[in-house]
Amino acid sequence: MAQRLYSACTYDFLLITYRLQITRSGSQICAPHRQRRDFNSMRNETGGSGQQDRSAGLTARLANVLAGGMGSGGRYEHRDLFIAKGKGAQVEDADGKRYIDYMLAFGPLILGHAPRVLSEAIAQSLETGIMFGAACESELLLAEEVVSSFPCVDKVRFTNSGTEAVQSALRLARAFTGRDKILKFEGHFHGWADNVFISVKPVAHMGLASHPKPVPMTPGQPKSVIDDIIIATWNDFAGIEQIMSRHGREIAAIILEPCPTNNGFLEVAPGFLEKLRTLTSAYGSVLIFDEVVSGFRMALGGGQELYATVPDLCTFGKAFAGGLPIAGFGGRDDIMSLLVDNAVSHLGTYNSGALSCAGALAVLRELKRDDQAVLKHIQQLGKELIAGFNQVFRETGAPLSAGGPGAVVSVYGSPIIPRTYRDVLSHNKELLSRIHRALLQRGIWSFARGTFMISAAHTEDDIQETIQMMKRVLTEDIKSEGACA
């Protein structure tokens, strides 16, 4: 059924554009009711339902000029969407159909679409300069904000993407230790670079759970990428101790997502991060937290704040800048000092661009404002969504469950919440895919894997509508096909 649903779709490219509506009268995010009114006026500009086939025509044109019809392979599951505009927590496609957006451009839009504070910061930076290739005030102020946010960060550097930040952190760890091997966990994602795009979603040749084997994720990766990678099982205390007892003196770094989400949220077992902290210290390895998803979303200081465990280095991005292309890495002064005088090389023409820094600075200040009211709002709505989903699953008898830290909500294809990547392999992925497509038809846009990300722009009404749409999907769309029997 999932294949039949997809077969009619042409390859597509997701185009999300900010429509900057600059208002000098204040710096707060638009109130929910005003967001909806603004969006309605935007809808009228597009002609509403008079453009029923425009998306199909545009995606067909795009497939002629854009390889695969998509700007990123991660957009495959919603390749039939062509977005015209977004405001607050909603987007509108080229046919005038509106969606409550829980994708948030894969997570960066922590304040929603076109928030006023970000629009104003961008406009001001456009007047004074986009980038200089030299130090500027917005870089200085942003660095100070980051250092004050993460427990582990004494010094920081900025990059343009999370993938770049991870590569820089790994290079530093190898230079600092004089070692080559990196330990990562099965199911964790650290970007698409060859040397870490390994065992993210393996389905074969994985070895035993107690001794996972490294599995490259795409054709084009050289066989040598697995030479310096050791794979471990998440939340496996005995397994990590055995690996470190055999290879600890060869391992430059252990890198992990403290809040892994790429296979559904896999919460860390109590004491596991502390165990990693103890082992890396004992063997002289560097502990790296990949906070690209968790930083400034799960908590202001990411997973290291949430779980009170301080790594040596961390990476961050996504929610960090509200949608602008900037990320970074930081950590202990003795490790970061290797960058002084280019002793360890870290380059990038677009690093610390004035416009991106100004935008990120505006976002971080908004997240910190009023005792972090934005993050508290997001967490509360996420918890309500989890509770509502689980009630629907109980009422309908659907073999599903929901969980997560709040800022990220995961729907799992099983009544039992998983603890490791291999737990997820037994889940009903086809059912999750069908739910994703049915929700999309009903105006709810989420990740195909069952993930929902919450922004400051989402409201109680959005949450309740989403819960009701989930119930209708299970009782009307999916149940009629016998999927929940």
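Residues numbered from 1 in each chain as written. Predicted model: local features only at pLDDT ≥ 70, side-chain atom pairs only at ≥ 80, totals over all residues. Heavy atoms only, no water.

## So, the pattern of salt bridges
Selection rule: Each salt bridge in this description consists of a side-chain nitrogen of Lys or Arg and a carboxyl oxygen of Asp or Glu lying within 4 Å of one another. The secondary structure listing takes helices from DSSP runs of H or I that are at least 4 residues long and strands from runs of E that are at least 2 residues long, numbered from the N terminus. Accessible area is worked out with a 1.4 Å probe on protein chains only. A residue is then buried under 20% of its type maximum, exposed over 50%, and partly exposed in between.
Inspection of every chain in the model, using the stated rule, returns 15 salt bridges. For R365, the salt bridge goes to E145, with nearest N and O atoms at 3.7 Å. Here R365 is found in helix α11 (residues 354–396), whereas its partner E145 is found in helix α5 (residues 137–149), with 220 residues between them in sequence. Among the ionic pairs, R332 bridges to D312, the shortest N-O distance being 2.8 Å. Placement of the pair is R332 in the loop between β12 (327–331) and α10 (333–336) and D312 in the loop between α9 (302–306) and β11 (313–316), with a sequence separation of 20 residues. Of the residues examined, R332 reaches a relative accessible area of 27% and is grouped as partly exposed. Among the charged side chains, a network of salt bridges with common partners joins R277, D312, R332 and D334.

## Considerations on helix α13 (residues 429–441)
Worth spelling out the cut-off: Here the expected span of a helix is defined as 1.5 Å times the quantity of residues minus one. For this analysis, a polar contact is any N or O atom pair within 3.5 Å, provided that within protein one partner can donate a hydrogen and the other can accept it, and provided that sequence-adjacent residues contribute only side-chain to side-chain pairs.
Between the first and last C-alpha of α13 there are 19 Å, a value that for 13 residues agrees with the 18 Å anticipated at 1.5 Å per step. Most of α13 sits inside the fold, with 10 of its 13 residues counted as buried. Regarding α13, the residues found buried are L431, L432, S433, R434, I435, H436, R437, A438, L439 and L440. A side-chain oxygen of the first residue of α13 lies 3.4 Å from the backbone nitrogen of E430; this N-cap is N428. Among the residues trailing α13, G443 stands out with phi positive, at a value near 90 degrees.

## Let's talk about the side chain of H346
Our working definition: Note on definitions: a residue-residue contact is assigned when non-hydrogen atoms from the two residues lie within 4.5 Å.
On the secondary structure map, H346 appears in the loop between α10 and α11. When its relative accessible area of 10% is taken as the criterion, H346 is described as buried. There is a polar contact of 3.0 Å between the side chain of H346 and the side chain of R157. For H346, the side chain forms a polar contact with the side chain of N351, separated by 3.5 Å. Residues within four places of H346 in sequence aside, it is in contact with R157, F158, T159, S168, F329, L339 and N351.

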